[in-house]
Amino acid sequence: MSTGAIIGVVVAVVAALVILAIVLRPAMQRKKLRDRFGPEYDRAVEHSDNRSAAEKELAEREQRHSEFDLKPLSQTAQESYRRHWATVQAKFVDSPESAIADADRLVTDLMAERGYPTEGYEAQLSVLSVEHAKTLEHYRKAHDISERQEIGEASTEDLRTAMVHYRELFTDLLEHGAEPRKNREATRKEKSDV
């Protein structure tokens, strides 16, 4: 085979690989977004004019999310939040309306301590969707019931359902934001050395 033929074959192979990469890139990006956002991906596509616009919005959410300084919770902070949650749940028996408001505040406090923005419900949803997409629908349902409760349109059973939904997001935020195990062990060792 002549040098020209070899160069021609190499150029054709490289061109085919470039075209394949260009064709596969959107599919790979789509898979990455689906894996990252789970059910939130489908929701974004459903509520958008087209798939590309939805995918662009999700990529922008990832970008905004990367700008936050999210912090893991110490073991002490986790235990404190668990105690507060138990208190809120116990309060539900005697005062469901107040307990729901407390649950919402506790979730917001936990978000703030982790480093998430807490100004505005829509902004919270957007940022939480990056790491907590699987429990985000629970937050939506709890928030909806809380709003209905504020205008007197939620039954006690609705409030119980909201409490369950808040607990799902709370647990996800708490466990996903846990201090990594090796850091906890190092922290315990440091405390015992003191």
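Asker: How would you sum up the overall build of the protein? Please name residues and give values.
Answerer: A count of helical and extended segments in the protein gives eight helices and zero strands. For the protein, the N- to C-terminal ordering of α and β elements is α-α-α-α-α-α-α-α. Overall, the protein is about 90 × 55 × 25 Å in size when its C-alpha atoms are taken along their principal axes. Residues counted as buried form 35% of the 194 residues belonging to the protein. Of the roughly 11800 Å² that the protein leaves accessible, carbon and sulfur atoms contribute 55%. Placing the 29 positive and 35 negative side-chain charges of the protein at their respective mean positions leaves the two points 6 Å apart.

Asker: Can you explain the side chain of D172? Please cite residues and give values.
Answerer: Structurally, the position occupied by D172 is in helix α7 (residues 156–176). For the buried D172, no salt bridge is present, and the opposite-charge side chain at shortest range is R114, 7.9 Å distant. Of note is the side chain of D172, whose polar atom sits 2.8 Å from the side chain of H132.

Asker: Lay out the nonpolar core with the relevant residues and their values.
Answerer: Across soluble globular proteins, you tend to see nonpolar side chains buried next to one another. Grouped together as the largest cluster of nonpolar side chains are 31 residues, with contacts concentrated most on V107, L128, Y139, Y166, F170 and L173. Those elements giving two or more residues to this core turn out to be α4 (75–92), α5 (96–114), α6 (121–150) and α7. When sequence neighbours within four positions are dropped, the list of residues in contact with V107 reads Y139, Y166, L169, F170 and L173. Residues L33, F37, L58 and V130 belong to the second largest nonpolar core, which totals eight residues.

Asker: Which residues make up α6, and what values do they have?
Answerer: Its 30 residues give α6 an end-to-end C-alpha distance of only 16 Å, which falls more than 12% under 44 Å, the value for a rise of 1.5 Å per residue. Maximal helix bending in α6 amounts to about 125 degrees, located at H132. G152, located one to two residues past α6, shows a positive phi value of around 75 degrees.

Asker: Residues and numbers for the side chain of S146, please.
Answerer: With respect to the helices, strands and loops of the structure, S146 is situated in helix α6. Setting aside residues no more than four positions away along its own chain, S146 makes contact with I100 and Y166.

Asker: I'd like a description of the packing of aromatic side chains, backed by residues and values.
Answerer: According to the stated counting rule, one finds two aromatic pairs in the structure shown. Ring plane angle 20 degrees and centroid distance 4.8 Å describe the contact between W85 and F170, whose orientation is recorded as stacked. Of this pair, W85 sits in helix α4 while F170 sits in helix α7, and the two are 85 residues apart along the sequence. With a relative accessible area of 3%, F170 lands in the buried category.

Asker: Help me get a handle on the packing of α5 against α6, residues and values and all.
Answerer: Where α5 meets α6, the closest approach of the two axes is 10 Å, and the angle between their N-to-C directions is 160 degrees. Relative to α6, the element α5 lies roughly antiparallel. Read as a crossing pair, α5 and α6 show a hand that is left-handed. Judged by residue contacts, E97, I100, D104, V107, T108, M111 and R114 of α5 engage Q124, L128, E131, H132, Y139, S146 and Q149 from α6. Here the residues of the contact of α5 with α6 sort into five nonpolar, five polar and four charged.

Asker: Can you lay out a nonpolar patch on the surface for me, pointing to particular residues and giving the numbers?
Answerer: Together, M1, I6, V9, V10, V13, V14, L17, V18, L20 and I22 make up an exposed nonpolar region whose accessible area comes to about 960 Å². Along the polypeptide, I6 turns up in helix α1 (residues 3–37). Given a relative accessible area of 44%, I6 falls into the partly exposed group.

Asker: Give a description of the pattern of salt bridges that names residues and reports values.
Answerer: Within the structure shown, the criterion is met by 14 salt bridges. Between D42 and R34 there is a salt bridge; the shortest N-O distance is 3.5 Å. What makes R34 partly exposed here is its relative accessible area of 38%. For the salt bridge of E157 with R160, the shortest nitrogen-to-oxygen distance reads 2.7 Å.

What counts and what doesn't
- Residues numbered from 1 in each chain as written.
- Predicted model: local features only at pLDDT ≥ 70, side-chain atom pairs only at ≥ 80, totals over all residues.
- Heavy atoms only, no water.
- Helix = DSSP H or I, 4+ residues; strand = E, 2+ residues; numbered from the N terminus.
- Buried < 20%, exposed > 50% of the residue type's maximum accessible area, 1.4 Å probe, protein only.
- Areas by Shrake-Rupley, 256 points an atom, 1.4 Å probe, with all protein chains shown as cover.
- Lys, Arg positive; Asp, Glu negative; His and termini not counted.
- Charge placed at Lys NZ, Arg CZ, Asp CG, Glu CD.
- Salt bridge = Lys/Arg side-chain N within 4 Å of Asp/Glu carboxyl O.
- Polar contact = N/O pair within 3.5 Å; in protein donor to acceptor, adjacent residues only side chain to side chain.
- Core = buried A, V, L, I, M, F, W, Y, C linked by side-chain atoms within 4.5 Å.
- Contact = heavy atoms within 4.5 Å.
- Expected span 1.5 Å × (residues − 1).
- Bend = angle between axes of the 7 residues up to and from the residue.
- Phe/Tyr/Trp six-rings, centres within 6.5 Å; stacked < 30°, edge-to-face > 60°.
- Axes fitted to C-alpha atoms, helices over the stretch in contact; angles between N-to-C directions.
- Parallel < 35°, antiparallel > 145°, perpendicular 65-115°, else oblique.
- Left-handed = near helix turned anticlockwise from the far one by under 90°.
- Nonpolar A, V, L, I, M, F, W, Y, C, P; charged D, E, K, R; others polar.
- Patch = residues over 30% accessible without salt bridge, like charges linked within 9 Å, V, L, I, M, F, W, Y side chains within 5 Å.

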